[in-house]
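# Notes for the structure review
This is what each chain is made of:
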Amino acid sequence: MFSETRISQFRDHTTPFYFYDLDVLKQTLQQIDKHGIRKGYHVHFALKANHQPRILEEIRKAGLGADCVSGGEVQRALDCGFEPHQIAFAGVGKRDSEINLGLEHDIFCFNCESVQELQVINELAEAKDCTARVALRINPNVDAKTHKYITTGLDENKFGINEEDLPLIFELLPTLKHIDLIGIHFHIGSQIEELKPFRELCDRANSLNQVFSDKGIQLKVINVGGGYGINYADPDGNAIPDFEHFFGLFDEHLNLRDDQELHFELGRSVTGQCGSLITEVLYTKHGRQKNFAIIDAGMTELIRPALYQAKHSIQLLTPISTETDTYDVVGPICESSDTFRTDLEFPKLERGNLLAIRSCGAYGEVMKSQYNLRQGIDSVFSVDLD
Ligand code: LLP
């Protein structure tokens, strides 16, 4: 919910724009600290969810590390003050130049996704006469029961190394002199709303941990990835995910040895609820079957509804009529998929009304595009308005 003052401040900015409430972010980080970091867990923020320097600064100050999936993200993390030893580099298709960037900075770890990648990292490290710390991303074949585009831990997905490849890796390892295998890594998917898939992941991680230890390989790092979901339907009632139960589950079910560290890579659950896309109604149109509210934000600013059929809560900020009507809220882009919500009941909408599309702090601004040669949009931070 936004105060009257806040809404009038929004009027001073050209819509559409992203608004970030840093208080919500800080409260979220406090819970991560309380239930995760203070228990000794290492939490990395997945920069793919949001790479705004202002946001990253808060996250870094709260003691999280950085989980990166490109050279650009590694560089952004470094530029924003993350120490190399706090940076993990994942991704199924790392280019040589990106691996070299990681090696030059001696980052904490490469999360390696194939046998061939392991060999390439070894060669590149050899050329630089250094050693790369590596965690093997293993596909745990756990169904995250989320949208198929954001399920990652099944055998049919492109991510990770399958268990069948492990004997080959055990055979190769002694020859890979520039690889220091420090851990295993998993990530089963994103926007996982129930804890059950994470419970299954614990079982798989326990048995794989045992497989390595039976081979005489003492892993230091168990990285269980990210994926914890947020409540898109009620961003005010559930602004902060229940981290107590999330971290508690791993505490209870993961069997770590005393010398092992537990790592997480959280994205959406950290920044999702602190961001909103503020937009204005350009036109209302009353068709034969439907009413349309045509807004000035499109799939170019927020692609999640078009790409994953995501439903973000949309709030009318001003002014509120007492009558209601039902609308499809659509953007200006020349694609029918440029639809944010269908059949949504609202106080009667008019040209010039301000709307907030909520829960946009993760995978919102980072996924914007210039399709239709759209102009760039602003980011507005609560601290600058307070
Ligand atoms: N670690 C790995 C290896 C990942 O692939 C991801 C996300 C994360 C961590 C962070 O996951 P999170 O905690 O944010 O769920 N654009 C989609 C989400 C794609 C997620 C990709 N991987 C969306 O808007 O829903």
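In this text, all values refer to a predicted model and were calculated from it rather than measured experimentally.

## Quick look at a negative patch on the surface
Residues Asp-96, Glu-123, Glu-126 and Asp-129 make up a contiguous surface patch of negative charge. Here Asp-129 lies in the loop between helix H6 (115–127) and strand S6 (132–137). Residue Asp-129 is classed as exposed on the basis of its relative accessible area of 66%.

## Section: the packing of aromatic side chains
On inspection of all chains with the given rule, the structure shows 22 aromatic pairs. Seen from their ring centres, Phe-10 and Phe-17 are 5.7 Å apart, and the 70 degrees between their planes marks the pair as edge-to-face. On the basis of relative accessibility, which here comes to 0%, the residue Phe-10 falls in the buried class. The ring of Phe-381 has Arg-54 sitting right over it, with the charged end atom 4.8 Å from the ring centre. One cation-aromatic arrangement involves Lys-94 over Phe-89; the distance from NZ or CZ to the ring centre is 5.6 Å.

## Description of the site of the ligand
Ser-190, Glu-265, Arg-304, Tyr-308 and Tyr-363 are the nearest of the 17 residues found near the ligand. Between His-187 and the ligand, the recorded distance is 3.5 Å, taken from a side-chain N or O atom to a nitrogen atom. Separating a nitrogen atom of the ligand from a side-chain N or O atom of Tyr-308 is a distance of 2.7 Å. If the ligand stood free it would expose 580 Å²; the protein chains cover 92% of that surface. Put simply, the parts of the chain that give the shell around the ligand at least two residues each are strand S9 (261–266) and helix H11 (304–308). Classifying every residue of the shell around the ligand by side-chain character gives six nonpolar, five polar and six charged. Looking at the shell around the ligand, you find at least three residues from each of domain 1 (23–271) and domain 2 (273–385).

## Comments concerning helix H4 (residues 71–79)
Taken residue by residue, H4 has Gly-71, Glu-73, Val-74, Ala-77 and Leu-78 as its buried positions. What you see down the axis of H4 is that its buried residues fit within an arc of 165 degrees, all on one side. For H4, the secondary structure elements touched by its buried residues are strand S3 (65–68), strand S4 (87–89) and helix H5 (96–104). Gly-81 sits one or two residues past H4 and shows a positive phi near 95 degrees.

## Observations regarding the side chain of Asp-338
Its place among the elements puts Asp-338 in the loop between strand S13 (324–330) and strand S14 (339–347). In this structure, Asp-338 is buried with no salt-bridge partner, the nearest side chain bearing the opposite charge being Arg-374 at 7.0 Å. Excluding its chain neighbours within four sequence positions, the residues that come into contact with Asp-338 are Gly-298, Met-299, Val-330, Gly-331, Pro-332 and Ile-333.

## Examining helix H3 (residues 53–61)
Among the residues of H3, those classed as buried are Ile-55, Leu-56, Glu-58 and Ile-59. Around the axis of H3, the buried residues are gathered within 160 degrees of arc, so they sit on the same side. Elements that come into contact with the buried residues of H3 comprise strand S1 (17–20), helix H2 (22–35), strand S2 (42–46), H4, helix H10 (268–271) and strand S16 (378–381).

## Details of the nonpolar core
Counting residues in each nonpolar core, the largest one holds 98 residues, and the members touching the most others are Val-134, Leu-136, Phe-212, Phe-250 and Phe-264. Take this core: its biggest share by element is six residues, from helix H8 (residues 196–214). Residues lining this core come from more than one domain, with at least three contributed by each of domain 1 (23–271) and domain 2 (273–385). Sequence-distant contacts of Phe-250, defined by excluding residues within four places in its chain, comprise Phe-198, Cys-202, Val-224, Leu-262 and Phe-264. Counting eleven residues, the second largest nonpolar core, distinct from the first, contains Ile-7, Phe-17, Ile-278 and Leu-317.

## Quick look at the pairing of strand S10 (residues 275–286)
Pairing analysis gives four bridges linking S1 to S10, with the strands arranged antiparallel. What sits directly across from Phe-17, in S10, is Ile-278. Where S10 meets strand S15 (residues 354–357), four bridges bridge the pair, whose relative direction is antiparallel. The residue of S15 that forms the bridge with Ile-278 is Ala-356. Judged from the five bridges that link them, S10 and strand S11 (residues 291–295) form a sheet pairing that is antiparallel. Residue pairing in the sheet places Thr-284 in a bridge with Ala-293 of S11. Linkage of S10 to S11, two consecutive antiparallel strands, is achieved through a turn of four residues.

Cut-offs used in this document
Residues numbered from 1 in each chain as written. Predicted model: local features only at pLDDT ≥ 70, side-chain atom pairs only at ≥ 80, totals over all residues. Heavy atoms only, no water. Patch = residues over 30% accessible without salt bridge, like charges linked within 9 Å, V, L, I, M, F, W, Y side chains within 5 Å. Areas by Shrake-Rupley, 256 points an atom, 1.4 Å probe, with all protein chains shown as cover. Salt bridge = Lys/Arg side-chain N within 4 Å of Asp/Glu carboxyl O. Lys, Arg positive; Asp, Glu negative; His and termini not counted. Charge placed at Lys NZ, Arg CZ, Asp CG, Glu CD. Helix = DSSP H or I, 4+ residues; strand = E, 2+ residues; numbered from the N terminus. Buried < 20%, exposed > 50% of the residue type's maximum accessible area, 1.4 Å probe, protein only. Phe/Tyr/Trp six-rings, centres within 6.5 Å; stacked < 30°, edge-to-face > 60°. Lys NZ or Arg CZ within 6 Å of the ring centre and 35° of its normal. Near = heavy atom within 4 Å. Polar contact = N/O pair within 3.5 Å; in protein donor to acceptor, adjacent residues only side chain to side chain. Nonpolar A, V, L, I, M, F, W, Y, C, P; charged D, E, K, R; others polar. Domains from an automatic or database assignment. Arc of directions from axis to C-beta. Contact = heavy atoms within 4.5 Å. Core = buried A, V, L, I, M, F, W, Y, C linked by side-chain atoms within 4.5 Å. Pairing = 2+ DSSP bridges.

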